[in-house]
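Okay, here's what each chain looks like letter by letter:
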Amino acid sequence: MTSPQDAWDTAYHQLELQLDGGKFDTWVRDARFLRYEDGQFVIGVRNGFSRDMLQHRLYRNVARVLSDAWGQSAAIRFEIYSLGGTASATDDSDLPLFQVLNEMQAASTEMFRVEPLPETSMADRVVPQAYAPLSESELNPRHTFDRFVVGGSNRLAYEALQAVVEAPGRNYNPVFVYGGVGVGKTHLLHAAAHICRKAGKRVIYVPSEAFTNDLVNALRTRTTAMLRDKYRSVDVLIVDDVQFLAGKESTQEEFFHTFNVLHAAGKQVILASDRPPRDLTALEDRLRSRFSGGLVTDISPLELETRMAIVKMWQLEQHIRLSDPVVQMIAECAASARELEGAFNMIAARVRLSHQPMTADAAARILHRLETPRNHVRTVTMADILNAVAETFSVPVDEITGKGRTSRVSLARQVVMLLARELTELSLVQVGDYLGGRQHSTIIAGIQKMSQLLAEDADLSALMDDTRRRLL
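If you're wondering where the values come from, they're calculated on a predicted model, not measured in any experiment. (Residues numbered from 1 in each chain as written. Predicted model: local features only at pLDDT ≥ 70, side-chain atom pairs only at ≥ 80, totals over all residues. Heavy atoms only, no water.)

This paragraph deals with the packing of aromatic side chains. Enumeration according to the criterion identifies 13 aromatic pairs in this entry. Geometrically, the ring pair formed by phenylalanine 148 and tyrosine 158 is stacked, given 5.8 Å between the ring centres and 5° between the ring planes. Placement of phenylalanine 148 in the loop between α5 (97–105) and α6 (155–166) and of tyrosine 158 in helix α6 is noted, with a sequence separation of ten residues between them. Overall, the relative accessible area of 9% leaves phenylalanine 148 in the buried class. When the ring of phenylalanine 211 is compared with that of phenylalanine 255, the centres are 5.6 Å apart and the planes differ by 85°; the resulting orientation is edge-to-face. Of this pair, phenylalanine 211 sits in helix α8 (residues 208–221) while phenylalanine 255 sits in helix α10 (residues 249–264), and the two are 44 residues apart along the sequence. An identical accessibility class is assigned to phenylalanine 211 and phenylalanine 255; each is buried. Three or more aromatic residues joined by ring pairs form one cluster here, namely Phe176, Phe211, Tyr231, Phe255, Phe259 and Phe291. The ring centre of phenylalanine 256 lies 4.0 Å from the NZ or CZ of arginine 286, which sits over that ring. (Phe/Tyr/Trp six-rings, centres within 6.5 Å; stacked < 30°, edge-to-face > 60°. Helix = DSSP H or I, 4+ residues; strand = E, 2+ residues; numbered from the N terminus. Buried < 20%, exposed > 50% of the residue type's maximum accessible area, 1.4 Å probe, protein only. Lys NZ or Arg CZ within 6 Å of the ring centre and 35° of its normal.)

Relative orientation of the contacting elements helix α16 (residues 382–393) and helix α18 (residues 407–423) amounts to 145°, with a least axis distance of 10 Å. With respect to the hand of their crossing, α16 and α18 are arranged in right-handed fashion. On the side of α16, the interface is formed by Met382, Ile385, Leu386, Val389 and Phe393, while α18 contributes Leu411, Ala412, Val415, Val416, Leu419 and Ala420. Tallied by class, the residues present in the contact of α16 with α18 amount to eleven nonpolar, no polar and no charged. (Axes fitted to C-alpha atoms, helices over the stretch in contact; angles between N-to-C directions. Left-handed = near helix turned anticlockwise from the far one by under 90°. Contact = heavy atoms within 4.5 Å. Nonpolar A, V, L, I, M, F, W, Y, C, P; charged D, E, K, R; others polar.)

See below:
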């Protein structure tokens, strides 16, 4: 059985890989395992500033990694330790803030650039506010403006976001983008976030569920002030799937005030939903009114020409040659970008495995299963997917949703991730919740890994097809 010390050592090295260098060096590098008592890992840190940051800002990251290493849910308590490695009787948080910051400067000059302070009056010792770095929102590196195919259905939204990133907070504020599933809303939001970050802006991209989770955690840990500092100190706030704020009164209240603070300060707000503000009847009127106060633009279902252009872009990126009839056939069998990607991946996998050109007849046979009329396709739930994958891959559902990381369990879990993306309208955050509370960055990585494996393994692709057929 893994000892607490070994579990912490494993988690420590995982955190070094997962966190950016500045964040790890400043908050985690000096952390030490002290003891395991009362069902808690007691982790020593050098000062109260680090303790508060780990307890309130990074707790979820550390607990998740430590739980994976421990093999079960891990609770953590952070204590200040002395150079000898034991808990210190002196809490460094009682020191003047400028002394704490000067000590931390040696660990991370990137995060706090504080010059040594002379022995002068206390008024001269006031340190300008130094924001802790925002946790990195998970942005898909492939979702850029360069890879967004523009057509009649999405041109206005594309041009609006292009104008916004040129001068955030000036041209249109807020921007509200709406449209159905798989039309490219999230792609545009990620692209805008990429550009703003490259320009040095403080940006948060967050699905509305993640905003709710942050608020719930802040209320539980009594850190709402830190939550407000996080969201109200940005230059650009981007919130996806705002329709899921419906029914969450506390979340709507907090978001309402956050919106007002940012808007009044001339900071940019970008929102996305599956319907226009006027149709979000489950939201408070004051929110819908503010959402409608800037530029509201829609993305219509992708027309055939746009879908064909997307397929041609993918084949160039993956170095696959497809004839125009096959490209059109793929574009005709799918209405959304997600469905289109699934159809393309099926064809691409066969081309790679057979090392032969794809004929129109062969493509028609492969895509035939996708041509079932939509009104005859039953609704697929996560329970359906979990049960089907468990049966196909002989892995119990509780292991798929649990903490296990064996290759057999991980493979089944990644299959669930990909099928959930293809066959349901759940967000990545919701899929992560069904899979034991995993972050949506983990879901993205799993989907990408499974797509790669399907392109390389014909047997696995066949199992996937069988599972998909049972669900449809």
